[in-house]
Amino acid sequence: MDGVLQWRDYQSDIIDKATNILSNSNFVYLAMEVRTGKTLTSLGVCEKLGVDNVLFLTKKKAIQSISNDYDKLCPVGFSLFTINYESMHKAPDLKWDIIICDESHSLGAFPKPNKRARGVKDLISKSKAKVILLSGTPTPESYSQMYHQVCGIPTNPFRKFKNFYAFAKTYVDVRQRKINGNYINDYSKGLQSIIDMMKPYTISYTQKEAGFKVQTNEEILYVDVPSGLRKIIKRLSTDRVIEGKDQVVLADTAVKLMSKTHQLYSGTVKFESGKSMVLDSTKAKFIQSVFKNKKIAIFYKFTAEYEAIKEVFGDSICNTLDEFCNTDKSIALQIVSGREGISLKQAVALVYYNIDFSATSYWQSRDRMTTKDRLYNKVYWIFSKGGIEDQIYKAVVKKKDYTLTHFKKDLLTL
């Protein structure tokens, strides 16, 4: 290999296998767990194939780390253009030889394709490029998520089906679910045969196979909820609306009540007008006190929570990877945008200001510090005493999303 990078044995093996699959089938799925080096491995495949132009689609926050991997590789054969999915329509109109779709499970919405999946399909159609799909969790919630990840690829194994609904007749156990008195089709019960059909195009690799021996230790730390905040939560649960002088907090549906309760227990609220407000910064002050002078990574859920963190931490906190990696500052990231495609290995601990309803968010974000040489990760959860966070945690650690059904049951005990 040209350049200064030395491949690990398993990476060299995967590059060889992926190159063969890509040459024969025009696409390959690298289902490699986080921190096993799937980005570098995909770039190694491009180098081995001797292509000229590679388009890398990813999340905005991951662009810098991908550029760093490209620099490590020092390829002499191809040019790389990296862009976030939301801006892919702005990609240069070049003859792309390979399109790499990072965290490709994000294309997997169903039964209708999301905007991201439609955009990728258009790019593939225009460029006729080969495709490398990357994800540590290809189907985190349902095997049905595979269809729209690959439907834009002309050689995909489900190409005879004109859309998801036709695909579902063969590959999904479609059931009926009652919502608000109406029955709708539930397409989440994708069959194992979906994965079986994808096996010839998929290379899977785990952290265990790569020799990772990291131990992740989680600890829950509790903070008191100020009495004023508890009164607001209780009043909202009873009246379903709180009217202030200029703003209104409305929880006229169970979904809104779940969201507002989740916000309030961590000290923020989003008004009906769309504006948000920090009501209490107890959690931010607690984190600053416990982790004083330590370089940490904070994950928050709601946008206003960053405002609370920034108010308390001031200039000692940042929200960009470049600044985090090159200064002694800690970093604060929203869970969904920071859970994939980035490394927070410089942090001594991950600290969660709040918790997301998604099991995918839990499993992906908590692994952001992991490296092959790191033996120990410390994760802290900051929960409100008697709050909703404990109930959400109990669901996501079992790889289940926290849903409205859970909330309605928990509401009786909160």
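I will try to describe carefully the structure that is included in this document. (Residues numbered from 1 in each chain as written. Predicted model: local features only at pLDDT ≥ 70, side-chain atom pairs only at ≥ 80, totals over all residues. Heavy atoms only, no water.)

## Side note on the pairing of strand β6 (residues 175-179)
Thinking step 1. For β6 and strand β7 (residues 182-186), the ladder comprises five bridges, and the chain directions are antiparallel. Pairing of K178 across the sheet is with Y183, part of β7.
Thinking step 2. Remark: two residues form the turn of the hairpin made by β6 and β7, two consecutive strands paired antiparallel; N180 in that turn has positive phi of roughly 50°. (Pairing = 2+ DSSP bridges. Helix = DSSP H or I, 4+ residues; strand = E, 2+ residues; numbered from the N terminus.)

## Concerning the nonpolar core
Thinking step 1. Core analysis: the largest hydrophobic core is formed by 72 residues, its most contacted members being L30, F78, I100, I132 and L344.
Thinking step 2. The leading source of residues in this core is helix α1 (residues 9-25), at six residues. (Core = buried A, V, L, I, M, F, W, Y, C linked by side-chain atoms within 4.5 Å. Buried < 20%, exposed > 50% of the residue type's maximum accessible area, 1.4 Å probe, protein only.)

## Focus on the pattern of salt bridges
Thinking step 1. The tally for this structure, following the rule as stated, stands at 15 salt bridges.
Thinking step 2. Between D16 and K48 there is a salt bridge, with the nearest N and O atoms lying 2.3 Å from each other. Residue D16 is located in helix α1, and its partner K48 is located in helix α2 (residues 38-49); the two are separated by 32 residues in the primary sequence.
Thinking step 3. When its relative accessible area of 49% is taken as the criterion, K48 is described as partly exposed.
Thinking step 4. We note a salt bridge from D186 to R177, for which the minimum N-O separation is 3.7 Å.
Thinking step 5. Classification of D186 as buried rests on a relative accessible area of 13%.
Thinking step 6. Judged by its relative accessible area of 42%, R177 is partly exposed.
Thinking step 7. The network of salt bridges with shared partners includes D252, K256 and E272. (Salt bridge = Lys/Arg side-chain N within 4 Å of Asp/Glu carboxyl O.)

## Overview of the pairing of strand β14 (residues 296-300)
Thinking step 1. The element β14 is largely enclosed, with a buried count of five among its five residues.
Thinking step 2. Burial of the side chains of β14 extends over both faces: I296, I298 and Y300 are buried on one face and A297 and F299 on the other.
Thinking step 3. Inspection of the sheet shows β14 paired to strand β17 (residues 349-352) by four bridges, in the parallel sense. Bridging across to β17, I296 finds its partner in A349.
Thinking step 4. Alignment of β14 against strand β16 (residues 330-334), held across four bridges, turns out to be parallel.

## With respect to the packing of helix α11 (residues 282-290) against helix α12 (residues 303-313)
Thinking step 1. Two elements in contact, α11 and α12, have axes separated by 8 Å at closest approach and are oriented at 45°. In this view, α11 runs oblique relative to α12, as classed from their interaxial angle. Considering only the axes of α11 and α12, their crossing is right-handed. Within the contact between the two elements, α11 uses A284, K285, I287 and Q288 and α12 uses A308, I309, V312 and F313.
Thinking step 2. Across the contact of α11 with α12, the residue classes break down as six nonpolar, one polar and one charged. (Axes fitted to C-alpha atoms, helices over the stretch in contact; angles between N-to-C directions. Parallel < 35°, antiparallel > 145°, perpendicular 65-115°, else oblique. Left-handed = near helix turned anticlockwise from the far one by under 90°. Contact = heavy atoms within 4.5 Å. Nonpolar A, V, L, I, M, F, W, Y, C, P; charged D, E, K, R; others polar.)

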